[in-house]
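Chain by chain, the residues run as shown.
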Amino acid sequence: MASEDPARQAMLKAIPHLRAFAISLTGNSTYADDLVQAALLRGLENLDKFQPGTSMQAWLFTILRNQFYTEVRQRCREVADPDGVMVGNLATMPEQGARLDFNDMQSALARLSGEQREALLLVGAEGVSYEEAARICGTTLGTIKSRISRARTRLAELLDLEPEEDLGPDRLVKATLFLQAST
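The structure displayed is predicted, hence computed values, not measured ones.

Looking at the packing of aromatic side chains
Applying the stated criterion across every chain, the model contains four aromatic pairs. Geometrically, the ring pair formed by Phe21 and Phe61 is tilted, given 4.9 Å between the ring centres and 35° between the ring planes. Of this pair, Phe21 sits in helix 1 (residues 6-26) while Phe61 sits in helix 3 (residues 56-77), and the two are 40 residues apart along the sequence. Aromatic side chains Tyr31 and Phe68 sit 6.4 Å apart centroid to centroid with 45° between the ring planes, which places their arrangement in the tilted category. Here the residue Tyr31 occupies a position in helix 2 (residues 29-45), and Phe68 occupies one in helix 3, the gap between them amounting to 37 residues. Among the aromatic side chains, those forming a connected cluster through ring pairs are Tyr31, Phe68 and Tyr69.

A few points about the environment of Arg8
Among the secondary structure elements, Arg8 is positioned in helix 1. Note: C-alpha distance between Arg8 and Met56 (48 residues apart in sequence) is 9.2 Å.

Points about the pattern of salt bridges
Any two side chains of opposite charge can pair, given that their charged atoms come close. Counting across every chain of the model gives four salt bridges. Between Asp5 and Arg8 there is a salt bridge, and its shortest N-O distance comes to 3.6 Å.

What about the nonpolar core?
Of all hydrophobic cores here, the largest spans 19 residues; its most connected members are Leu18, Leu47, Met56, Trp59, Leu60 and Leu64. Only helix 1, helix 2 and helix 3 provide two or more residues apiece to this core. What Leu64 contacts, discounting residues up to four positions off in sequence, is Leu18, Phe21, Ala22, Leu25, Leu35, Val36 and Ala39. With 15 residues, the next largest nonpolar core counts Leu112, Val123, Ala133 and Cys137 among its residues.

Regarding the packing of helix 1 against helix 3
Two elements in contact, helix 1 and helix 3, have axes separated by 8 Å at closest approach and are oriented at 40°. Considered as vectors, helix 1 and helix 3 are oriented oblique to each other. Here helix 1 and helix 3 pass one another in a crossing that is right-handed. On the side of helix 1, the interface is formed by Ala7, Ala10, Met11, Ala14, His17, Leu18, Phe21, Ala22, Leu25 and Thr26, while helix 3 contributes Met56, Gln57, Leu60, Phe61, Leu64, Arg65, Phe68 and Tyr69. For the contact of helix 1 with helix 3, a count of residues per class yields 14 nonpolar, three polar and one charged.

Considering the confidence of the model for the protein chain
Counting all residues, the mean pLDDT for the protein chain is 81, and 81% of those residues have values of 70 or more. When mean pLDDT is taken per element in the protein chain, helix 2 scores highest with 93 and helix 9 (residues 171-182) scores lowest with 51.

Comments concerning the side chain of Glu71
Summarising the element assignment, Glu71 is placed in helix 3. Here the side chain of Glu71 touches Tyr31 through a polar contact of 2.4 Å, side chain to side chain. Looking at Glu71, its side chain comes within polar contact range of the side chain of Gln67, at 2.6 Å. For Glu71, the residues in contact, after removing those within four places along its chain, are Tyr31 and Leu35.

Comments concerning helix 7 (residues 130-137)
Looking at helix 7, one finds that the buried residues are Ala133, Ala134 and Cys137. Buried residues of helix 7, seen end-on, are gathered within an arc of 100° and therefore sit on one face of the element. Helix 7 presents Arg135 and Ile136 as exposed residues on the side facing more than 90 degrees away from its buried surface. In the segment just after helix 7, Gly138 is the residue with positive phi, at about 70°.

Reading the values: the criteria
Residues numbered from 1 in each chain as written. Predicted model: local features only at pLDDT ≥ 70, side-chain atom pairs only at ≥ 80, totals over all residues. Heavy atoms only, no water. Phe/Tyr/Trp six-rings, centres within 6.5 Å; stacked < 30°, edge-to-face > 60°. Helix = DSSP H or I, 4+ residues; strand = E, 2+ residues; numbered from the N terminus. Salt bridge = Lys/Arg side-chain N within 4 Å of Asp/Glu carboxyl O. Core = buried A, V, L, I, M, F, W, Y, C linked by side-chain atoms within 4.5 Å. Buried < 20%, exposed > 50% of the residue type's maximum accessible area, 1.4 Å probe, protein only. Contact = heavy atoms within 4.5 Å. Axes fitted to C-alpha atoms, helices over the stretch in contact; angles between N-to-C directions. Parallel < 35°, antiparallel > 145°, perpendicular 65-115°, else oblique. Left-handed = near helix turned anticlockwise from the far one by under 90°. Nonpolar A, V, L, I, M, F, W, Y, C, P; charged D, E, K, R; others polar. pLDDT = per-residue confidence, 0-100. Polar contact = N/O pair within 3.5 Å; in protein donor to acceptor, adjacent residues only side chain to side chain. Arc of directions from axis to C-beta.

Below you can see the structure in the form of structure tokens.
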């Protein structure tokens, strides 16, 4: 029977000493009881590694102490976040969507006429004023404004943008952020 096994009997006798040792390490009786239980389970799982003739109590003390310091090291790397507030602030946007959007934008820009693309990139990407863009392109201010307006309209068509949508997070990301904020 298991209760007659000398190793198991030695484990049972060691429990009060293990508990006292665990309380001295943790200062918390509930946590100490959890450590004792974990040490006893680990001891039972590894009973074949126990060397007869040595002290069962010392062996279990070693297991308990190692378990305690392993947990302390793990807790040093963890951040207490019971409400999930910190995790919510660490959310990052997926990068692949932005890359795909960029590729779509490049393809759409390539489908614009050269004059429209030139005017749009000068004003939109380079920050050149309409007047400067007209001088650079050798045309009138009205023509530049017209080219840019037509280029924007054509890009919206090519990129299948809806008028109420602005550039930024797509519908899926917006829905995810909304769900996350409402939970």
